[in-house]
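Residues per chain, in single letters:
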Amino acid sequence: MTDLTKLTLAAARKGLADKAFSATELTGAYLSAIDAANPKLNAYVAITREKALEDAAVSDKRLANGGAGPLEGIPLGIKDLFGTQGVHTQAASHILDGFKPEYESTVTANLWRDGAVMLGKLNMDEFAMGSSNETSYYGPVVNPWRSNGSNAQLVPGGSSGGSAAAVSAWLCAAATATDTGGSIRQPAAFTGTVGIKPTYGRCSRWGVVAFASSLDQAGPIARTVEDAAIMLTSMSGFDAKDSTSVDLAVPDFAAAVERGVKGLTIGIPREYRMDGMPDEIEALWKQGIDWMVAEGATIKDISLPHTKYALPAYYIVAPAEASSNLARYDGVKYGLRVTGKDITDMYELTRAKGFGAEVRRRLMIGTYVLSAGYYDAYYVRAQKVRTLIKRDFELAFADGVDAILTPATPSAAFGVGDEDMSADPVKMYLNDIFTVTVNMAGLPGIAVPAGKDAAGLPLGLQLIGKPFDEETLFAAGRVIERSAAIDFSPAKWW
Amino acid sequence: MSVDAATVKRIGRLARIRVEENEVEKYQGEINAILGFVEQLDEVDVTGVEPMTSVTPMQLRRRDDVVTDGGYPEKVVANAPLTEDNFFMVPKVIE
């Protein structure tokens, strides 16, 4: 039999429907792959073996007797940020030690409703704060990709590094992820996988550990554009429990995948041509433009003049919202408690020990920019700049642009423990320079693998769409995937 | 703008994060690096621009003011480090 873990989600779904193999066999194959790989890749922080096999047995019954859902028997990995009832949910933080929620997040509940099987919880940057998966309490995830002829460990990107690594290394058919500033798209680009952050409001945030509520959105990471579309269809939908969830019908995203780009206008923003951008990224972008033209799209040079201010504005808005959201971790209601001489002492000691360095740094910044006398100078100003960033996009779309094509990241994956990045937090933040604008404006964005650098590492392109027009992103993303026609399978060393 | 050592300690108190004496300098350097980075926002003319409150043009929905959930205190406190009779237990705060 072929290796079941190598099948795309779409192919696995067909195999299950055709009774070529059972959900139990498929799940067993993934569990064996995880057992073999996880000590080296560290993608999973909890493996829910028994639950996975129970779920698979239920799926097999439904596949035999009718009533199978659209994801029936498909084994998935779930980012540790999603609340999963009775199962490890710690946002990869020490402060949530032992936390097992009494509830299920809406997004994961939607997946189980559709028949999916949970393999376990995936590693991530602590509270989704990071771009390399190195801030996790559980240690870094290792990228399944290595540079040609090198054994050096590379990061899978972050914060959804476990999700991206697990999908790339065939440790789940697809994974859930979340994106606050690029946390789906950057790791997808670093691992040769497809990741989409849908429009703000498309997926419910209910039951997902909050980082920056006005920016956070859930989305999938998958091996193909079609697989990502299938996943997003199940994850999306109106939820009365999230007051920012949008009451809009969910299209069958997979139906849009082969629609093509003929007649579409693709915008190319000149401000994304950054000083010092590597030639390889520039060439990849040019290649993407050529593919769009070859498939019948019109290219239009556009200007998004406030692009350079998105990242600094983000580093005010996101820490400010985080400092408010993470106030709940106080050693009283859940997780870690460090006792002190009085209650304030307990709070301070618990939070100093429970949060890692990056989270503490952002909470300090967020507290400062919200503090008396600084609120207008920092927070209100950043929210005004955010209005201008959104307006840039609105003007481009009003001028006839259907989607915008940009590089996904300024480089390929870098090394674990990269000295430049760890010495200077701002350098690490620059990873999100092409992705963060999309969160600031609440738009959908997809990262699709499009080429490789000189060392053989994957590089991605990003497409940015109009609000709630993920369908165009899947159609245009598929054009990139089909035109590149590259096998983005890492050479197995683990 | 930049922060001094006293401000770092004050932020730590506001954030309820213990900042030890030997950590002040490191925090100060990192916070000032980030404040230096965001300083470029001062170049932007924001005269007459409304601050963003919602990325989607929508009113926050309201629900009927009725009880729709609850009645399970044991679940609410299930993950607490210390409880008694379904109450959260904390160090004494009133003398």
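Look up a bit, the structure's there.
Quick caveat: nothing in here was measured; it's all calculated off a predicted structure.

The rules behind these values
- Residues numbered from 1 in each chain as written.
- Chains lettered and ligands numbered in written order.
- Predicted model: local features only at pLDDT ≥ 70, side-chain atom pairs only at ≥ 80, totals over all residues.
- Heavy atoms only, no water.
- Helix = DSSP H or I, 4+ residues; strand = E, 2+ residues; numbered from the N terminus.
- Rg over C-alpha atoms; globule rule 2.2 N^0.38 Å.
- Buried < 20%, exposed > 50% of the residue type's maximum accessible area, 1.4 Å probe, protein only.
- Contact = heavy atoms within 4.5 Å.
- Areas by Shrake-Rupley, 256 points an atom, 1.4 Å probe, with all protein chains shown as cover.
- Phe/Tyr/Trp six-rings, centres within 6.5 Å; stacked < 30°, edge-to-face > 60°.
- Lys NZ or Arg CZ within 6 Å of the ring centre and 35° of its normal.

**Observations concerning the overall build of chain B**
Check the secondary structure of chain B and you find three helices and two strands. For chain B, the sequential pattern of α-helices and β-strands runs α-α-α-β-β. For 95 residues, the compact-globule estimate of 2.2 N^0.38 gives 12 Å, and the C-alpha radius of gyration of chain B, at 22 Å, exceeds that figure by more than 25%. Dimensions of chain B along its principal axes, counting C-alpha atoms only, are 55 × 45 × 25 Å. Buried residues in chain B amount to 27% of all 95 residues. Contacts in chain B between residues at least 24 apart in sequence constitute 28% of all its contacts with a sequence separation of at least 6. For chain B, the computed accessible surface area is about 6,900 Å², with 50% contributed by carbon and sulfur atoms.

**Concerning unusual backbone geometry**
With an omega of 10°, the peptide bond between Gly-158 of chain A and Ser-159 of chain A qualifies as cis. Tracing the chain through its elements places Ser-159 of chain A in the loop between β3 (117-122) and α5 (161-168). Positive phi outside glycine occurs at Phe-468 of chain A, with the angle close to 65°. Tracing the backbone through its elements, the reader meets Phe-468 of chain A in the loop between β11 (458-465) and α16 (470-484). Positive phi, normally seen in glycine, also occurs at Asp-85 of chain B, with a value near 50°.

**A short note on the packing of aromatic side chains**
Geometrically, a pair of aromatic rings is defined through the distance of the ring centres and the angle of the planes. Across all of its chains, the model carries 18 aromatic pairs over all chains by this definition. Between the aromatic rings of Tyr-272 of chain A and Phe-434 of chain A, the centroid separation amounts to 5.7 Å while the plane-to-plane angle is 20°, which identifies the pairing as stacked. Residue Tyr-272 of chain A is found in the loop between β7 (265-269) and α8 (279-294), and its partner Phe-434 of chain A is found in the loop between α14 (425-429) and α15 (436-441); the two are separated by 162 residues along the sequence. For Phe-434 of chain A, a relative accessible area of 1% corresponds to the buried category. Joined through ring pairs, the aromatic side chains of Phe-99, Phe-127, Tyr-329, Tyr-334 and Phe-355 of chain A make up one cluster. The positively charged end of Lys-75 of chain B is found above the aromatic ring belonging to Tyr-72 of chain B, 5.3 Å away from the centroid.

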